[in-house]
Amino acid sequence: MSLALIAVLPFLGAFLPGLFLRAGRNACALATGSVTTLALLLLASQAPAILRGEVVRTRIDWLPSLGLNANFFLDGLGLLFAGLILGIGLLIILYARFYLEKSDPMGQFYSYLLLFQGAMLGIVLSDNILLLLVFWELTSLSSFLLIGYWKHLPEGRQGARMALAVTGGGGLALIAGMLILGNIAGSYDLTAILQERDLIQASEWYLPALILILLGAFTKSAQFPFHFWLPHAMAAPTPVSAYLHSATMVKAGLFLMARLWPVLAGTPEWFWIVSTTGLVTMVMAAMIAFFKDDLKALLAYSTVSQLGLITMLLGFGTKAAATVAVFHIINHATFKAALFMTAGIVDHAAHTRDLRRLGGLRRMMPITFGIALLASLSIAGIPPLNGFLSKEMMLQEAADTSWITPWAMGLLATLGALFSVAYSFRFLAHGFLGPSREDRPHPPRDPGPGLWAAPGFLAVLVVVIGLFPMAVAAWLVDAAASAVTGEPVRVKIAFWHGLATPALWMSLAAIGGGLACLGAYPRLRTLWDAAPRPEARHIFDGIVEPLAALARAVTDGLHNGSFGRALVWAVLAIAGAALWAFSGGPHVPGTRAVLPPGPVVTGVWAILMIAALATPFLHRSRITALVLTGVVGLLIAPLFMLFSAPDLALTQVSVEVVTILLMLLALHFLPKDTPAESPPPRRLRDAAVAGIAGLGIGALAWAMMTRVPAFDPISAFHLAQSKPGAGGTNAVNTIIVDFRGYDTFGEIIVLGIAALVIFALTDSLLRTTAVTRRLAAQPRQPESGDRHPMMLVVSTRLLLPMAMLVGVYIYLRGHNLPGGGFVAGLVFAIAYLMQYMASGYDWSQARQRFDHHVLIGWGVLVAALAGVGPWLFGLPFLTSGYTYINLWPLEEFELASAAIFDLGVFLCVLGAVLLTLASLSRLALRTGERASTRAYDTEGGR
Amino acid sequence: MEGLLASAIGLLTAVGIYLMLRQRTFPVILGLTFLSYAVNLFIFVSGRLAVNAAPIIGTRDTYADPLPQALVLTAIVISFGMTAVIMIMAIGGYLSSGHDRIDLDDEAGDRGAGE
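Please read all numbers here as calculations on a predicted model, not as lab measurements.

Participant: Which parts of the structure should I look at to understand the overall build of chain B?
Facilitator: A count of helical and extended segments in chain B gives 4 helices and 0 strands. Put simply, chain B runs from its N terminus to its C terminus through helices and strands in the order α-α-α-α. A principal-axis box enclosing the C-alpha atoms of chain B has dimensions of 60 × 30 × 15 Å. If you take every contact in chain B between residues at least 6 apart in sequence, the share linking residues at least 24 apart comes to 51%.

Participant: What should I look at first to understand the overall build of chain A in this one?
Facilitator: Within chain A, the secondary structure is distributed over 41 helices and 6 strands. Among the 942 residues that make up chain A, the fraction classed as buried is 50%. The long-range share in chain A, meaning contacts at least 24 apart out of those at least 6 apart in sequence, stands at 77%.

Participant: Quick question: what am I supposed to make of the confidence of the model for chain B here?
Facilitator: Low pLDDT means the predicted coordinates in that region are not meant to be read closely. Residue and element names in this part refer to chain B. Residue-level pLDDT values for chain B average 87, and 90% of them are 70 or greater. Contacts for the low-pLDDT stretch residues 107-115, under 50 throughout, to residues beyond four places or in other chains number 20 contacts. Here the predicted complex carries an ipTM of 0.92, next to a pTM of 0.72.

Participant: Help me understand the packing of helix H35 (residues 741-767) of chain A against helix H41 (residues 898-925) of chain A, please; the structure alone is not making it clear to me.
Facilitator: All names here are of chain A. H41 packs onto H35 with a crossing angle of 15° between their chain directions and a minimal axis gap of 9 Å. In this view, H35 runs roughly parallel relative to H41, as classed from their interaxial angle. When the axes of H35 and H41 are compared, the crossing they make is left-handed. Seen from H35, the contacting residues are Gly-741, Thr-744, Ile-748, Leu-751, Gly-752, Ala-754, Ala-755, Ile-758, Phe-759, Thr-762, Leu-765 and Leu-766; seen from H41, they are Phe-901, Gly-904, Val-905, Cys-908, Val-909, Gly-911, Ala-912, Leu-915, Thr-916, Ser-919, Arg-922 and Leu-923. Residue classes in the contact of H35 with H41 are distributed as 15 nonpolar, 8 polar and 1 charged.

Participant: Teacher, can you tell me more about the interface of chain B and chain A here?
Facilitator: The extent of an interface is frequently quoted as the accessible surface area lost upon association of the parts. Chain B puts 86 residues into the contact, and the matching count from chain A is 103 residues. Of all elements in the fold, only helix H1 (2-20), helix H2 (25-45), helix H3 (66-97) and helix H4 (106-113) of chain B reach the threshold of two or more residues within the side of chain B that touches chain A. In terms of residues, the side of chain B that touches chain A owes the most to one element, H3 of chain B, which gives 25 residues. Of the residues in the side of chain B that touches chain A, the class split is 57 nonpolar, 19 polar and 10 charged.

Participant: Which parts of the structure should I look at to understand helix H1 (residues 2-13) of chain A?
Facilitator: Helical geometry note: an α-helix holds 3.6 residues per turn, so side chains three or four residues apart project in the same direction. Residues and elements named next belong to chain A. Helix length check: H1 (12 residues) gives 16 Å between terminal C-alpha atoms against 16 Å at 1.5 Å per residue, within 8%. Those residues of H1 that sit buried are Leu-3, Ile-6, Ala-7, Leu-9, Pro-10 and Gly-13. Here the buried residues of H1 occupy an arc of 140° about the axis, which is enough to place them on one side. Where the residues of H1 are buried, they touch helix H2 (16-20), helix H3 (25-51), strand E1 (56-58), strand E4 (72-74), helix H4 (76-99) and helix H5 (106-125).

Participant: What exactly am I supposed to notice about the packing of helix H10 (residues 206-220) of chain A against helix H13 (residues 251-259) of chain A here?
Facilitator: For any two helices packed against each other, the geometry is given by the interaxial angle and the distance between the axes. Residues and elements named next belong to chain A. Closest axis-to-axis distance for the H10/H13 pair is 6 Å, and the angle between their directions is 145°. In the crossing of H10 with H13, the sense of the turn from one axis to the other is left-handed. Contact residues: Gly-216, Ala-217, Phe-218 and Lys-220 in H10; Ala-252, Gly-253, Leu-256 and Met-257 in H13. Across the contact of H10 with H13, the residue classes break down as 5 nonpolar, 2 polar and 1 charged.

Participant: Any chance you could explain unusual backbone geometry here in plain terms?
Facilitator: Note: most residues except glycine have negative phi, and most peptide bonds are trans. Of note, the bond from Phe-224 of chain A into Pro-225 of chain A is cis; its omega dihedral lies within 30 degrees of zero at 0°. For Pro-225 of chain A, the location among the structural elements is in the loop between H10 and helix H11 (229-232). For the bond running from Pro-383 of chain A to Pro-384 of chain A, omega is 5°, close enough to zero to count as cis. Structurally, Pro-384 of chain A can be placed in the loop between helix H19 (366-380) and helix H20 (386-400). Although it is not a glycine, His-351 of chain A adopts a positive phi angle of roughly 60°. Within the secondary structure, His-351 of chain A is located in the loop between helix H17 (319-350) and helix H18 (361-364). Backbone geometry at Arg-48 of chain B places phi at a positive 70°, although glycine is not the residue there. Residue placement: Arg-48 of chain B occurs in the loop between H2 and H3. Residue class for Arg-48 of chain B comes out buried when judged on the 20 C-beta atoms lying within 10 Å of it.

Participant: Which parts of the structure should I look at to understand H41 of chain A?
Facilitator: The end-to-end C-alpha separation of H41 of chain A is 41 Å, in line with the 40 Å expected for 28 residues at 1.5 Å each. Of all 28 residues in H41 of chain A, 23 are buried, a share of seventy percent or more.

Participant: Can you walk me through the environment of Leu-63 of chain A in this structure?
Facilitator: Residues and elements named next belong to chain A. Of note, Leu-63 is situated in strand E2 (residues 61-63). The class for Leu-63 is exposed, based on 10 C-beta atoms found within 10 Å. Residues Leu-63 and Ser-103 lie 40 residues apart in sequence; the distance between their C-alpha atoms is 45 Å.

Participant: What should I look at first to understand the environment of Gly-177 of chain A in this one?
Facilitator: Residues and elements named next belong to chain A. By secondary structure assignment, the location of Gly-177 is in helix H7 (residues 154-185). A residue is classified by how many C-beta atoms lie within 10 Å of it, and Gly-177, with 26 of them, is buried. Each C-alpha atom, one on Gly-177 and one on Leu-210, is 6.8 Å from the other, the two residues being 33 residues apart in sequence. When near neighbours in sequence (up to four residues on either side) are disregarded, Gly-177 contacts Ala-209, Leu-212, Ile-213 and Gly-216.

Participant: Which parts of the structure should I look at to understand the environment of Arg-197 of chain A?
Facilitator: Here Arg-197 of chain A shows up in helix H9 (residues 197-202). If we ignore the near neighbours within four places in the chain, the residues touching Arg-197 of chain A are Pro-262 and Val-263 of chain A.

Rules and cut-offs
- Residue numbers run consecutively from 1 along every chain, following the written order of its sequence.
- To label them, take the chains in the order written and letter them from A, then take the ligands in the order written and number them from 1.
- Whole-chain, interface and lining totals are the exception, using all residues; otherwise, since this is a predicted model, local features are given only for residues with pLDDT of at least 70 and side-chain atom pairs are given and counted only at 80 or more.
- Helix and strand definitions follow DSSP, with helices as H or I runs of at least four residues and strands as E runs of at least two, each counted in order from the N terminus.
- Our contact criterion uses C-beta atoms placed from the backbone: two residues qualify when those atoms are within 7 Å.
- Buried residues are those with 20 or more other C-beta atoms within 10 Å of their own C-beta, exposed residues have 12 or fewer, and partly exposed residues lie in between; C-beta atoms are placed from the backbone.
- For every residue, the predictor reports its confidence as pLDDT, a number between 0 and 100.
- The axes are straight lines fitted to the C-alpha atoms, using for helices just the contacting stretch, and the angles between their N-to-C directions are given from 0 to 180°.
- Oblique is the label for any angle not under 35 degrees, not over 145, and not in the 65 to 115 range, which are roughly parallel, roughly antiparallel and roughly perpendicular in turn.
- A crossing counts as left-handed when the near helix is turned anticlockwise from the far one by less than a right angle, and as right-handed when that turn is clockwise.
- The residue classification treats Ala, Val, Leu, Ile, Met, Phe, Trp, Tyr, Cys and Pro as nonpolar and Asp, Glu, Lys and Arg as charged. All others, Gly included, are polar.
- In this analysis, the expected span of each helix is defined as 1.5 Å times one less than the number of residues it contains.
- It is the directions from the helix axis to the C-beta atoms that the arc portrays.

Rendered as structure tokens:
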């Protein structure tokens, strides 16, 4: 369980920062940090077993039929990456607390950060590739949010979009590749796939799967030619750059290659694609980095180059090279994250990151300089720092590898190392050394320990790993490399390999050449600026913009903001699809016996048809249209009645009354007529579209009714069980409150939410001055002489208790005869509405004891209690029970727990209807309508 | 009688869609109401027509299908809630913008009309 918990903790914790923000920025950071710390401790508790060579697993079957299970496993590689994600994450949380300005929304930042952290942990801990793919996409999404965190900066938004397009696009390829891989291996579990090396490499689908998977890995890890998104992602706040774009996310691609190394590596295809891509990326990016003036851009290209280095090592396909790759992953995370944080500190202190405007910071910012010095010397590969160790090993591997010619790989790797030395030294020399710039209004100073503690800690690691590699890092490298290669690895890391090793001379050449480059910088720069180079961003825009234009053209063609056009397209598309499906098969007329038309049904039908047909012609007078709608709605009730649905008839009548009242009230605020704006051709088109839809639906209904159902209806069960199972003879009611009670529970909640939405909308409308001004200016309707006619007032008041009695009766009998909570709620609502109509809103409101919101709340609560109650007896949610009670002098009667549920339905419906209409009445009060709370407002209209 | 109901469902659908294609909020909402009448009836008749067969256990030998009835019953109540929400949105739109056209902008409405 604990593995799943490690991955889930950051997701759960993502809610905390927002909650704790009110308690201050420190509390917010502390809450975030404690989530990460907890996950780190959980991980550490698993570490001893992993280091002994065991593999920890958690299996949670989710959708086994689809091969989708929430399976997690932790081995050496997972431990390394999870440790990096959580360890660096903790440092970043500390750093970000002091980096972000007061005006930045900190809660959001930490929430996104934790989301990202959880997604990354998911990738490295997943045992199921489908699950891994889900987490993979989540990292793309959460990094999109983080890169675009400063929403006001256009570069931030563009960078975020580009990163999402590239990594998301690669993610799609990855999905395809992984699915192929899973199909070859016959399982979606990574541990099972990793056993199938021979099967996979012999498959004819090996190459397509390899290319697709590598597309995913290369885009994520910013390998050439997909490297361009990473420098643009530098628009993100520096903690994000340090975390995502140096230590974790960009390494997800490397992780994937390492994870699948046992089954994919070792073939010529793998060697040529992966090592070539890595090599090209390493050399090219290092060269570009040398000429970048922006500190973060320099570091971004440096990251691309280092990722290329690791990719190249993985591409060699040998155990030794994979081990070096693992070691370099650790080293790179330490020095690159430290450098990014240093760049952030410099940016804060000097208000610029431009190397052309920096210089001489060494004396003003000694601590920052110390950290930068250690970290960049480590990248350059200067002993005794950790970068030196892995770079030497890398050069040795490159020298031993034959690529095109025996020496080409060694030469190019040295060239890459040379540029690394050059840009690291330039970072130091142009940033910190040289004369101090005196033109600054505020001389930059070292920040407080909050900002430099995290990079300082990493710089200490750089030195310690460099000095004592065997004690500090070798065990982790062993564990991770064993997991990558599938064989036990015992790495030997040493400073001195003797004069005969080529790596030593390659290293010396790189350092010498790098220094020479720095010396010749001005001349090289002139050459560089003069040389033509393709701008990746323009190429990207050149591809994306036509696509976006095409998408826009299609979208605008279908719906351009005109509701009518969208509806016409939808209707025609549905009709077309139905026609296509219809024409595809043979058809025989229905065989089901048709009922002979009776006189009552025919009469009702005739009036309904006339009213419906008249509506489109008379609809411009809205009152007329409303009356016709009411006629149609009310006539549907007898249809229900005649075709054996008394419950529906009751509901239809009461809902119709309420609906028409609502619309009548609404019409109070809207124009009373619809202008004739559509020209005849448009009306003809609309009529044609509507006719097509009507013919189609009518034909479908006819075809359905004249045929016997293809499958036996399941309601035989409901009819048979209604009495013995649910204790009621009204099968419709028992379905609502018992068999499908869960549905009904959801529905009353929806109804309650709808009413609350209406209340909230009204509230916000009343707060808008433009609205209240328009309300006050509403033209007054000519009033009838009597606002509250005495007859109506008296009769409604007399009717109220009787209507309620009817409501209670309908509710009580509902379980056995037509009726129930829905209808009872509506009857009660109508009884109240009559008071509103007859005596005025204020008079009724003054006598209203219950808040409508509270009624809705109680309704949902009572229904929920009826659902939860059975738990006490160990029964599932909403299990109903019933019993018969003899209570003298009453007849024997039945007590069913479903009646409690129905009571909840009743309360919720009552509350929702009343709240809806009361909200509209609140608007009416603003129109200057006179209010009266007296018992009999007889002076009304005078 | 199946023919009567099928024609009624067809006509209600057609009237509903025609009204929904108007350019003002109120007819669109009426159209939606018509459409929900049609849909409710359609779901109801999917249980097939039966006369004198109300599904009250113990009163008859055969019963109408109670399941579509239960589904339609809640659908009727829910569609009231939804109509009310759209209605208040329409009122809000009218009161804040001063007109009750449904299209996003006037040009869009004209282009949508295909003139």
